[in-house]
Amino acid sequence: MVINPVIVASDLVKTYRVPQKKPGLAGAFNNFFSREYRNVEAVKNVSFTIQEGELVGFLGPNGAGKTTTLKMLSGLLHPTSGDVHVLGFIPWRREAAYQKKFTMVMGQRTQLWWDLPAWDSFLLNKEIFEIPNSEFDKTIKELADLLEIQDLLDTPVKKLSLGQRMKAELACSLLHHPKVLLLDEPTIGLDVIMQQKVRQFILDYNQRYKATILLTSHNMEDVSELCTRLILINHGRIVSDESFESFQARYGKTPLTEAMRAAFQQK
Amino acid sequence: MKTLRKYGFVFSLYWQEGLAQRASFVMERFRALVVMTSLYYLWSALLRNQTSFAGYSRPQILTYVFGMSLLRSIVFASRTDEIAMEINQGRLSGYLLKPVYYFVYTFSRDLAEKSTNFISSIIEISGLYLIFHVVLAWPRSWQTWVLFILAVTLAMFMNYLLNFMVGCWGFWTSESSGPRFLLALIMEFTAGAFFPLDILPLHIQHILQWFPSPYLVFFPLNILLEKADMHQIINGFTAQIIWIIGLSLMARLVWVRGSANYGAEGA
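The paragraphs below set out a description of the structure included in this document.

About the criteria used
One numbering rule holds for all chains: residues counted from 1, following each sequence as written. Both sets of labels track the order of writing: A upward for chains, 1 upward for ligands. Given that the model is predicted, a residue must reach a pLDDT of at least 70 before its local features are reported, and side-chain atom pairs must reach 80 or more before they are shown or counted; all residues, however, enter totals for whole chains, interfaces and linings. Hydrogens and water are ignored here; the side-chain numbers use all heavy atoms of the structure. Where helices and strands are cited, they refer to DSSP runs of H or I of at least four residues and of E of at least two residues respectively, numbered from the N terminus. To get the radius of gyration, use the C-alpha atoms; to get the globule rule, take the number of residues to the power 0.38 and multiply by 2.2 Å. Contact criterion: two residues are considered in contact whenever any of their non-hydrogen atoms come within 4.5 Å of each other. For every accessible area listed, the method is Shrake-Rupley and the probe measures 1.4 Å; residues are considered covered only by the protein chains on display. Two strands make a pair as long as DSSP finds a minimum of two bridges between them. Note on geometry: axes are lines fitted to C-alpha atoms, helical ones only across the stretch in contact, with angles between N-to-C directions running from 0 to 180 degrees. Accessible area that two parts lose when put together, with a 1.4 Å probe and added across both, is what the buried area reports. Definition used for salt bridges: Asp or Glu carboxyl oxygen within 4 Å of a side-chain nitrogen of Lys or Arg. Only residues whose relative accessible area exceeds 30% and that take part in no salt bridge are eligible for patches, with like-charged residues grouped when within 9 Å of each other and nonpolar side chains (Val, Leu, Ile, Met, Phe, Trp, Tyr) grouped when within 5 Å. With a 1.4 Å probe rolled over the protein chains alone, any residue whose accessible area is under 20% of its type maximum counts as buried; one over 50% counts as exposed, and the rest are partly exposed.

### Concerning the overall build of chain B
- Scanning chain B for helices and strands turns up 11 helices and two strands.
- In chain B, the succession of α and β elements from N to C terminus is α-α-β-β-α-α-α-α-α-α-α-α-α.
- Its C-alpha atoms give chain B a radius of gyration of 20 Å, within 12% of the compact-globule value 18 Å for 267 residues.
- With respect to the principal axes defined by its C-alpha atoms, chain B has extents near 60 × 40 × 40 Å.
- Sequence separation of 24 or more characterises 80% of the internal contacts of chain B that already satisfy a separation of 6 or more.
- When the accessible surface of chain B is summed, it comes to about 13,300 Å², and 70% of that surface belongs to carbon and sulfur atoms.

### Topic: the sheet that holds strand β2 (residues 36-51) of chain A
Residue and element names in this part refer to chain A.
- Spatially, the three strands line up as an open sheet ordered β2-β1-β4, and their pairing is antiparallel. Bordering the open sheet on either side are β2 and β4 (81-86), each of which pairs with just one other strand. Neighbour to neighbour, the strand axes of the sheet diverge by 25° on average, direction disregarded.
- For strand β1 (residues 5-20) and β2, the ladder comprises 12 bridges, and the chain directions are antiparallel. Bridging from a neighbouring strand, V18 pairs with R38 of β2.

### Concerning the interface of chain B and chain A
- Counting residues at the interface gives 29 residues for chain B and 29 residues for chain A.
- Taking both partners together, chain B and chain A bury about 2,600 Å²; carbon and sulfur atoms supply 60% of that area.
- On the chain B side of the interface with chain A, the three residues burying the most area are L97(B), K98(B) and P99(B), jointly 25% of the side's total.
- Between the two partners, chain B and chain A, sit two salt bridges.
- Among the ionic pairs, K6(B) bridges to E130(A), the shortest N-O distance being 3.5 Å.

### Things to note about a nonpolar patch on the surface
All names here are of chain B.
- On the surface, Y129, L130, W138, W145 and I149 cluster together into a nonpolar patch covering about 540 Å² of accessible area.
- Those elements that provide at least two residues to the nonpolar patch are α6 (102-132) and α7 (142-168).
- In this fold, I149 is placed in helix α7.
- By relative accessible area, I149 is classed as exposed at 51%.

### Some words on the sheet that holds strand β6 (residues 180-184) of chain A
Residue and element names in this part refer to chain A.
- In space, the six strands of this open sheet follow the order β5-β6-β7-β3-β8-β9, with mixed pairing throughout. Both outer strands of the open sheet, β5 (102-106) and β9 (237-243), are each paired with one neighbouring strand and no more. Across the sheet, the mean angle from the axis of one strand to that of its neighbour is 15°, orientation sign disregarded.
- Note: strand β3 (residues 55-59) against strand β7 (residues 212-216), three bridges, orientation parallel. Residue pairing in the sheet places V56 in a bridge with L214 of β7.
- Against the sheet, helix α2 (residues 66-74) touches β3, β5, β6, β7 and β8 (229-234), its axis set at about 150° to β6.
- Across the face of the sheet, helix α6 (residues 162-174) comes into contact with β5 and β6 while running at roughly 165° to β5.

So yeah, pure geometry; function would need other evidence.
This is the structure we're talking about:
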C-alpha cells in the first residue's frame, strides 16, 4: 500500500511586524507622531509531514503559532521563509484546483450569511465550488443526516444557537468533499452534547472519505477521542511529534492536560 | 459560463439580503429622496424669476437634478466600503480560501446595490415628476440615449475601480474610513453630483478635466441634455476609457501587493 504525504511543511517561518504603543494618553500622542514596530517570529522553522487519512492534533498554548501555521497551510498567509505543499499544491498561490480540495473551519468565524437561512449559503457554495446538482443533493442529504440539521436549514442563521450554527458551518464547509480539513477549534463554545456530536461527525468524515485532518483544540476530549497523532508547538517551535499512543505511554496515567503541560515544560 | 453563474448567485443573494434588511433600505432611500427634493426646490427657487441660469433653461436644470439623482444610484451607490472592513476584520479570509475572484465578487455585490437603488430611484423620480408636473428636457434623438447609457456604464466601472482601490488601503492601514469619506465627498462635488460643473470658473473646469470625477456624472448628463458637441463627446469617451485602463492596472497592482501583505488578523 502506498502512503502519500498530503501535507509537507519544511522549515516554515512566519514573522509579523507588530505596531507598538505605550500605555496612556501620552503614549497615544507619541504614537500619533511616530509609530514603532517590533518583529515577532510567530512560527520558527516548523517542519512536519502528514499522510493521507491521518487525523492529527496540532496543539499548543495560546500564541504558540498554531493558527498562523494553519493559515500558511490554507494559503491565507505567505510564509516569510520555508516551503509548504498540500496535496502537491503551494497553498499561497491560491489555485482553484487546490481550493476545491481543502477546507478550513475556524470555530469562531462563520461563512454563513447572517440574515439568510443556511440553505442560501449552501447554494452559494454549490455555485462557487461548481458542484453538480445530483452530487449536491446527495451530499446535502448525507451531511444533514449526519449532523441532524434537516429542520434548521430554512431558519435565518442569526436565529440559530451557537451549536446549530457550528453544525451548519461544518456542513457548508464540506459540501465540496474536501480531502484536507484544517479545523481551528471546531468545538469551541459548544455544550458537552454538541461537542460530542461534532466530534463523532469529524471521526465519521475522516473514516468515510479517508480525509486528512489537522485540528487545533484546547479541549482534551477532542484530542483523546479523535487524534491518532499529536504535534505539540510552543513559542513557534515544534516540541513534540508522535503518535497519541506513544505520548500516552510516556506519561502513563497522568491526565492529558497535565501530560501536555509537562511536555511543554520539558522543552 | 459556469464560472459566471456563481457571481450571478452572489448578485441574487445580496438582493435577498437587501430585502431582509428593510429598515436600512427604506432609510437609505428616504435620504436620497430628501437630497433630490431639496435640490429640486433649490433650483426651482433660483429659476423662479428667470428663464435660464448659467446657460441652463429651467427644463434643462431640472433634468440635470433628476438625472443626477439617477446617476447617484448607479454610479455612486456602492458597498465597496465593506472591502476595507473585510480586510481589517479578517473576513476577507473566507473569500481567499474559495475559488472566487474577490474583485468580481465585490462587483456583483455592488451591482446588486446599484440595481436596487436604481429601481427605487426610478420610482421616486417618477413620483416627483408626476406630483410637481415637472417639464423636462428630453433628448431629441435615440442616439443620445445610446451614448448616455454607454457613458453611464463606463462611469460606473470607473467609480467601482476607484472605490476598490480605496477599499484595498485596508491592507496597509486600519484607518481607511477617514480618507474614504474625504475622497467620496471630493469626488461627488467635483463629479457634478450637486450642480453642473460648467457653472464653475473656466480655470477650475480646465483643471478638473484632468481628473476622473467629471466623467462620472457631469459628462453623461451633458450628453443627455445634448449640450456636448461631437468633439466633447469623443474627448469624454477617450478620457473614460483611458481612466478605466489606468485604474484597472493600478487596482490589480494594489490587490496583488495587498493580498500578499494580508495578515488575516482576527480570522
